[in-house]
4 protein chains.
Amino acid sequence: MSETFRLSRQVEFNHCDPAGMVFYPRYFEMISATIERFLSDAIGYGWSSMGVAEKGMGTPMGQIEVRFANPSYLGEWLDLDLTLARLGTASATFDIRCSSKDEARFDCRTTIIHAHTGGGKSAPWPPEARARMVAFQPPATAQQKESDV
Amino acid sequence: MSETFRLSRQVEFNHCDPAGMVFYPRYFEMISATIERFLSDAIGYGWSSMGVAEKGMGTPMGQIEVRFANPSYLGEWLDLDLTLARLGTASATFDIRCSSKDEARFDCRTTIIHAHTGGGKSAPWPPEARARMVAFQPPATAQQKESDV
Amino acid sequence: MSETFRLSRQVEFNHCDPAGMVFYPRYFEMISATIERFLSDAIGYGWSSMGVAEKGMGTPMGQIEVRFANPSYLGEWLDLDLTLARLGTASATFDIRCSSKDEARFDCRTTIIHAHTGGGKSAPWPPEARARMVAFQPPATAQQKESDV
Amino acid sequence: MSETFRLSRQVEFNHCDPAGMVFYPRYFEMISATIERFLSDAIGYGWSSMGVAEKGMGTPMGQIEVRFANPSYLGEWLDLDLTLARLGTASATFDIRCSSKDEARFDCRTTIIHAHTGGGKSAPWPPEARARMVAFQPPATAQQKESDV
């Protein structure tokens, strides 16, 4: 059984454009917040404890792809559901589905790298963080052979 | 011969995160600005003339993919170079490459839809806008057969 | 007895600058969100019901002043407490105090105008909205004579 | 004779809200950019050279006040004109007037502190930076006696 991490957020004026819909760069702030809270609250290895601001470790973005389904409007509640598509030695690929009352808004797949913020060299996930992340892999994916970054 | 549309922008404090690098959601604001100025300044069919705020036409994002190469730092100048990868009846796919002094920062491919902002129904590009966009297609791409959205 | 409206928000990576502190323009997004939720959730007259995106009514900012006390850091919870300093015929002046575990972060005083979004002409608050707002005035303030915008 | 430092910026989709006007927190990003470029380009003592991201010096905001005059719309060019209202030992107070084709948009007065980013203790401006800043003081202001932070 795999787990899903959910962040729920209400669409604010701040997120909306002159067409009255969420301006898509704001979705990337929500995607970032979903990964931020997942690492901190579900895994116990967030950006503060990595020391991202003190030239410790961080999780720079490797790549990201988003397909948009329907627009979102002021006041709606959005659910961002994160699962782990693939866990590498020093990387993690997430699937994040955003919906509102079960209507799809976007699907995102993104890969982050666990790396030194000074220099950018990648480094293996700490064992405890790794062990906790495995629970968020769907069964089929978990059986895939893992590979390096 | 195909043309490239360039937007150059200096990295501001506003764009940078606690690791001292550009926070990637800010790149999506720059991508949006590149498409905004391309449509307005190169094509003469920008969001103001579409009437995006008056329930006229707009260009909602269909999908977007970005692969990140190297981080960007405070004060650097970034060049965002846009070419047209594919021109559909009511859509356009852009390649946007971001670099600083010829060092790659990211590569983006994104598809926008020409659609009514109220309701979201797609509609063909106006002929004048379409005619101007063709110049930004690379030769090989331009020979491909066009298809609908 | 007067009431206070509270919005609590956790500091995200998204809010922080290269010095590792909240970048002050992000505080203005939080101030906006506090007023947004106050009008919608406490007063029942939010920006959606005003029709701000449909050339109905809105609440443009007249003036705003913020004095900063202490910096805020990643992961901290901030409490934004709003009271009504003055209620005009077509305006409202709020005091918003931001703190974290009782340590002051900033004090804000700001005046919004109830006005038509097309044209900008001010208009009196609807009676129901006005009646609900009065509860958020401190006793001393409530005794002051009200005046027009 | 005193000097004025000008930053000109075009209103982008990114800045605009569902009412089709600039959302005021975006103005604070422009104000920050004006001070950023002033310190870097006019004074030669910008946030990079202060080492704001390396626990060196920075310029946290002490207080800021903005009075809004008229809304700004998509595509307009804004001029932000900065003068120095007061130069303290370890602080500077700026007047920033924003206009578009000579129509007022807002007036801002803001005070920054020259301080260590780790700890927050203030420190005198370096003499070279101070000497260059004096040129941006209006004559009447320059005759005022300076005082400490």
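In this text, all values refer to a predicted model and were calculated from it rather than measured experimentally.

Student: Could you clarify how one ought to interpret the overall build of chain A in this entry?
Tutor: Scanning chain A from N- to C-terminus turns up 4 helices and 7 strands. Ordered by position in the sequence, the α and β elements of chain A form the string β-α-α-β-β-β-β-β-β-α-α. Relative to the globule expectation of 15 Å for 149 residues, the C-alpha radius of gyration of chain A, 16 Å, shows essentially globular dimensions. Counting every position in chain A, which comprises 149 residues, the buried fraction comes to 58%. The long-range share in chain A, meaning contacts at least 24 apart out of those at least 6 apart in sequence, stands at 66%. Surface summary for chain A: the accessible area is close to 6200 Å², and the carbon and sulfur share equals 51%.

Student: Please clarify how the interface of chain B and chain C should be interpreted in this entry.
Tutor: The accessible area lost on association of the parts is a frequent measure of interface size. On the chain C side, the residues contacting the 10 residues of chain B number 10 residues. Between chain B and chain C the total buried area reaches about 960 Å² when both faces are included, carbon and sulfur atoms providing 65% of it. When the area that chain B buries against chain C is broken down by residue, the three leading residues are F13(B), P18(B) and F23(B), summing to 50%. For the pair chain B and chain C, the number of links is 0 salt bridges. The interface formed by chain B and chain C contains 2 residue pairs in polar contact (both at pLDDT 80 or more). In the side of chain B that touches chain C, the residues fall into 5 nonpolar, 2 polar and 3 charged.

Student: I'm lost on the relation of the copies chain A and chain B in this one. Help?
Tutor: It takes a turn of 180 degrees to lay chain A on chain B, together with a shift of 0.0 Å along the axis; the resulting RMSD is 0.0 Å. Taken together, the turn and the small shift mark the pair as related by a two-fold rotation axis. Measuring from the rotation axis to each C-alpha of chain A, the shortest distance belongs to E65(A), at 2.1 Å.

Student: What is the right way to look at the pairing of strand β3 (residues 61–68) of chain C in this model?
Tutor: Across a regular strand the side chains alternate sides, sitting on one face of the sheet and then on the other. Where β3(C) meets strand β6 (residues 103–113) of chain C, 7 bridges bridge the pair, whose relative direction is antiparallel. Pairing of F68(C) across the sheet is with F106(C), part of β6(C). Where β3(C) and strand β3 (residues 61–68) of chain D come together, 5 bridges link them in antiparallel fashion. Bridge pairing in β3(D) places Q63(C) opposite R67(D).

Student: Just checking my understanding: could you explain the packing of helix α1 (residues 24–42) of chain C against helix α1 (residues 24–42) of chain D for this structure?
Tutor: For the pair α1(C) and α1(D), the least separation of the axes is 8 Å and the interaxial angle reads 170 degrees. Taken together, the axis directions place α1(C) and α1(D) in an arrangement best described as roughly antiparallel. Listed contacts from α1(D) to Y24(C), P25(C), R26(C), F28(C), E29(C), I31(C) and S32(C) of α1(C) are Y24(D), P25(D), R26(D), F28(D), E29(D), I31(D) and S32(D).

Student: Is there a simple way to think about the interface of chain A and chain B in this case?
Tutor: If you look at the interface, chain A gives 23 residues, while chain B gives 23 residues. Regarding the contact of chain A and chain B, the summed buried area is about 2200 Å², with carbon and sulfur atoms giving 57% of it. Between E29(A) and R26(B) there is a salt bridge; the shortest N-O distance is 2.8 Å. Looking at which element gives the most residues to the side of chain A that touches chain B, the answer is strand β3 (residues 61–68) of chain A, with 8 residues. Per-class residue counts for the side of chain A that touches chain B are 14 nonpolar, 4 polar and 5 charged.

Student: When you look at the sheet that holds strand β6 (residues 103–113) of chain A in this model, what are you seeing that I'm missing?
Tutor: Strand pairing within a sheet occurs via backbone hydrogen bonds; the two strands may be parallel or antiparallel. If you trace the 10 strands from one edge of the open sheet to the other, you get β1(A)-β4(A)-β5(A)-β6(A)-β3(A)-β3(B)-β6(B)-β5(B)-β4(B)-β1(B), paired in antiparallel fashion. Strands at the two margins of the open sheet, each flanked by one partner only, are β1 (5–10) of chain A together with β1 (5–10) of chain B. This sheet shows a mean twist of 20 degrees between the axes of neighbouring strands, independent of strand direction. Contacts between helix α1 (residues 24–42) of chain A and the sheet are confined to β1, β3, β4 (77–87), β5 (91–100) and β6 of chain A together with β3 (61–68) of chain B, with β1(A) contributing the most and set at about 135 degrees to the helix. Contacting β3 of chain A together with β1, β3, β4 (77–87), β5 (91–100) and β6 (103–113) of chain B, helix α1 (residues 24–42) of chain B crosses the sheet at an angle of about 135 degrees to β1(B).

Student: Teacher, can you tell me more about α1(B) here?
Tutor: Residues spaced three or four apart along an α-helix face the same direction, because each turn holds 3.6 residues. All names here are of chain B. With 19 residues, α1 should cover 27 Å at 1.5 Å per step; its first-to-last C-alpha distance of 26 Å lies within 8% of that length. Of all 19 residues in α1, 16 are buried, a share of seventy percent or more. Just beyond α1, the residue with positive phi is G44, at close to 75 degrees.

Student: What am I meant to see in the environment of S8(C) here?
Tutor: All names here are of chain C. Counting through the fold element by element, S8 comes out in strand β1 (residues 5–10). On the accessibility criterion, S8 (36% relative accessible area) is partly exposed. For the pair S8 and C98, spaced 90 residues apart in sequence, the C-alpha separation works out to 9.3 Å. Look past the residues within four positions of S8 in its chain and what remains in contact with it is W77, L78 and D79.

Student: I keep staring at the relation of the copies chain B and chain C and nothing clicks. Help me out?
Tutor: In this arrangement, two copies of a chain are superimposed by a rotation about an axis accompanied by a shift along the axis. When chain B is fitted to chain C, the residual RMSD is 0.0 Å, and the transformation amounts to a turn of 180 degrees plus an axial shift of 0.0 Å. When you check the interface residues of chain B against chain C, 100% turn up at the interface there too, and the contact is symmetric in its surfaces.

Student: Got a minute to help me understand the nonpolar core in this structure?
Tutor: Here is a general trend for soluble globular proteins: nonpolar side chains tend to be buried in one another's company. With 176 residues, the main nonpolar core has I64(A), I64(B), I64(C) and I64(D) as its most contacted residues. Look past the residues within four positions of I64(B) in its chain and what remains in contact with it is Y24(A), F28(A), I64(A), E65(A), V66(A), F68(A), F28(B), I31(B), C108(B), R109(B) and T110(B).

Student: What should I look at first to understand the sheet that holds strand β4 (residues 77–87) of chain D in this one?
Tutor: One open sheet accounts for 10 strands, arranged β1(C)-β4(C)-β5(C)-β6(C)-β3(C)-β3(D)-β6(D)-β5(D)-β4(D)-β1(D); its pairing is antiparallel. Every interior strand has two partners, whereas the edge strands, β1 of chain C together with β1 (5–10) of chain D, have only one. Each strand axis lies, on average, 20 degrees off the axis of its neighbour in the sheet, ignoring direction. Sheet contacts for α1(C): β1, β3, β4 (77–87), β5 (91–100) and β6 of chain C together with β3 of chain D; angle to β1(C), the most-contacted strand, approximately 135 degrees.

Student: Please clarify how the pairing of β6(C) should be interpreted in this entry.
Tutor: Residue and element names in this part refer to chain C. Taken together, the 10 bridges between β5 and β6 define a ladder with antiparallel strand orientation. What sits directly across from T93, in β6, is T111. Here β5 folds back onto β6, and the loop between the two strands holds 2 residues, one of which, K101, carries a positive phi near 50 degrees.

Student: Where do I start with the side chain of T59(C) in this structure?
Tutor: Residues and elements named next belong to chain C. Assignment of secondary structure puts T59 in the loop between β2 (57–58) and β3. A polar atom in the side chain of T59 sits 2.8 Å from the side chain of W47. When neighbours within four sequence positions are excluded, T59 is seen to be in contact with L39, W47, M50, I112, I113 and W125.

Student: Just to check I follow, could you spell out the packing of aromatic side chains for this structure?
Tutor: Within a pair of aromatic rings, the relevant descriptors are the distance that separates the centres and the angle that separates the planes. Per the stated rule, a full pass over the model turns up 42 aromatic pairs over all chains. Pairing F38(A) with F136(A) gives two aromatic rings, centres 4.9 Å apart and planes at 90 degrees, and the pair type is edge-to-face. Of this pair, F38(A) sits in helix α1 while F136(A) sits in the loop between α3 (127–133) and α4 (139–143), and the two are 98 residues apart along the sequence. Overall, F38(A) belongs to the buried group, its relative accessible area being 0%. The class of F136(A) is buried, set by a relative accessible area of 6%. Geometrically, the ring pair formed by W47(A) and F13(C) is tilted, given 4.7 Å between the ring centres and 55 degrees between the ring planes. Residue W47(A) is located in helix α2 (residues 47–50), and its partner F13(C) is located in the loop between β1 and α1; the two belong to separate chains. On the basis of relative accessible area, W47(A) is assigned to the buried category, the value being 9%.

Reading the values: the criteria
Residues numbered from 1 in each chain as written. Chains lettered and ligands numbered in written order. Predicted model: local features only at pLDDT ≥ 70, side-chain atom pairs only at ≥ 80, totals over all residues. Heavy atoms only, no water. Helix = DSSP H or I, 4+ residues; strand = E, 2+ residues; numbered from the N terminus. Rg over C-alpha atoms; globule rule 2.2 N^0.38 Å. Buried < 20%, exposed > 50% of the residue type's maximum accessible area, 1.4 Å probe, protein only. Contact = heavy atoms within 4.5 Å. Areas by Shrake-Rupley, 256 points an atom, 1.4 Å probe, with all protein chains shown as cover. Buried area = accessible area lost by both parts, 1.4 Å probe. Salt bridge = Lys/Arg side-chain N within 4 Å of Asp/Glu carboxyl O. Polar contact = N/O pair within 3.5 Å; in protein donor to acceptor, adjacent residues only side chain to side chain. Nonpolar A, V, L, I, M, F, W, Y, C, P; charged D, E, K, R; others polar. Least-squares fit on C-alpha atoms with pLDDT ≥ 70 in both. Pairing = 2+ DSSP bridges. Axes fitted to C-alpha atoms, helices over the stretch in contact; angles between N-to-C directions. Parallel < 35°, antiparallel > 145°, perpendicular 65-115°, else oblique. Expected span 1.5 Å × (residues − 1). Core = buried A, V, L, I, M, F, W, Y, C linked by side-chain atoms within 4.5 Å. Phe/Tyr/Trp six-rings, centres within 6.5 Å; stacked < 30°, edge-to-face > 60°.

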